[in-house]
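The lines below spell out each chain.
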Amino acid sequence: MPFPKKRRPLQFSEQEILKLESIRRSRTEEKRRTLRAAFLLDSRSGQSDEAIAHQHHVSRSTVVLCIDKFLEFGLDAALGELPRSGKPRQVTDDAIAWVQHCACQKPKELGYSYELWTYRLLVAHIRKHCVAAGIRRCSN
């Protein structure tokens with residue numbers, strides 16, 4: 001076995017165990033969350049990372065990453081995704097909501113002669129009315 005286990009089995013509270021078992025058995029949770037819950041529970045039972053990876057048909061590094069996230073950041077971080085690097089968003093949530101609101105309205109309701117939005121018509125409408133709606137970054 002090339003990767004001997006060097007950590008003790010994970011420790012969880014009763015509430016966390018119930019939560020993990022519920023997620024593991026769930027048929028409506030995301031697949032990655034059910035797998036991560038299974039990794040954590042299997043590690044709690046003392047299985048090696050290699051055995052967990054083999055049992056769930058994933059790479060050993062996938063299991064190690066999940067367990068390391070649990071040890072460093074806690075249960076919720078291990079089950080979810082950590083923020084990634086990259087350029088921060090420049091469009092606010094309010095601007096996105098306003099654009100979605102515009103797209104969900106029919107053009108006829110806004111005075112256009114069209115029944116449905118085309119991409120070009122919707123972009124033109126957004127650029128024309130964004131300043132009046134309080135959206136500053138819309139003319140790119």
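A brief report on the enclosed structure follows. Source: prediction; values computed, not measured. (Residues numbered from 1 in each chain as written. Predicted model: local features only at pLDDT ≥ 70, side-chain atom pairs only at ≥ 80, totals over all residues. Heavy atoms only, no water.)

## A closer look at the overall build of the protein chain
A count of helical and extended segments in the protein chain gives 7 helices and 0 strands. Taken over C-alpha atoms, the radius of gyration comes to 24 Å for the protein chain, far larger than the 14 Å a tight globule of 140 residues would show. Dimensions of the protein chain, computed from C-alpha atoms along their principal axes, come out at roughly 70 × 30 × 30 Å. For the protein chain, the residues scored as buried account for 31% of the 140 residues in total. Partitioning the intrachain contacts of the protein chain with sequence separation of at least 6 by distance along the chain shows that 47% fall at a separation of at least 24. (Helix = DSSP H or I, 4+ residues; strand = E, 2+ residues; numbered from the N terminus. Rg over C-alpha atoms; globule rule 2.2 N^0.38 Å. Buried < 20%, exposed > 50% of the residue type's maximum accessible area, 1.4 Å probe, protein only. Contact = heavy atoms within 4.5 Å.)

## Considerations on the environment of G46
Its location among the elements puts G46 in the loop between α2 (31–44) and α3 (49–56). A sequence separation of 36 residues divides G46 from L10, and the C-alpha atoms of the two residues are 8.0 Å apart.

## Thoughts on the side chain of T34
Following the sequence through the fold, T34 ends up in helix α2. Among the polar contacts listed, one links the side chain of T34 to the backbone oxygen of K31, at a separation of 2.7 Å. Not counting residues within four places of it along the chain, the set of residues in contact with T34 comprises I23, R24, S26 and E29. (Polar contact = N/O pair within 3.5 Å; in protein donor to acceptor, adjacent residues only side chain to side chain.)

## Focus on the packing of α3 against helix α4 (residues 60–73)
The relative placement of two packed helices comes down to the angle between their axes together with the axis-to-axis distance. The interhelical angle for the contact between α3 and α4, taken along N-to-C directions, is 115 degrees, at an axis separation of 8 Å. Crossing of α3 against α4: the hand is right-handed. On α4, the residues touching D49, E50, I52 and A53 of α3 are R60, V63, V64 and I67. Its residues placed into classes, the contact of α3 with α4 shows 5 nonpolar, no polar and 3 charged. (Axes fitted to C-alpha atoms, helices over the stretch in contact; angles between N-to-C directions. Left-handed = near helix turned anticlockwise from the far one by under 90°. Nonpolar A, V, L, I, M, F, W, Y, C, P; charged D, E, K, R; others polar.)

## Focus: the pattern of salt bridges
Summed over the entire model, instances satisfying the criterion amount to 9 salt bridges. The partner of D42 in a salt bridge is R24, and the shortest N-O contact between them spans 2.5 Å. Taken as a pair, D42 in helix α2 and R24 in helix α1 (residues 14–25) lie far apart in primary sequence, 18 residues in all. Across the pair R33 and E29 runs a salt bridge, and its minimum N-O distance is 2.8 Å. For R33, a relative accessible area of 22% translates into the label partly exposed. Three or more residues are tied together by salt bridges with common partners; here these are E30, R32, R36, E81 and R84. (Salt bridge = Lys/Arg side-chain N within 4 Å of Asp/Glu carboxyl O.)

## Considering the nonpolar core
In terms of nonpolar packing, the biggest core is built from 19 residues, with F12, L20, L40, F70, L75 and L79 touching the most fellow members. Elements supplying a minimum of two residues to this core: α1, α2, α3, α4 and α5 (75–79). In terms of residue count, the dominant contributor to this core is α2 (5 residues). (Core = buried A, V, L, I, M, F, W, Y, C linked by side-chain atoms within 4.5 Å.)

## Some details on unusual backbone geometry
Positive phi, normally seen in glycine, also occurs at H57, with a value near 60 degrees. Examined against the element boundaries, H57 turns out to sit in the loop between α3 and α4.

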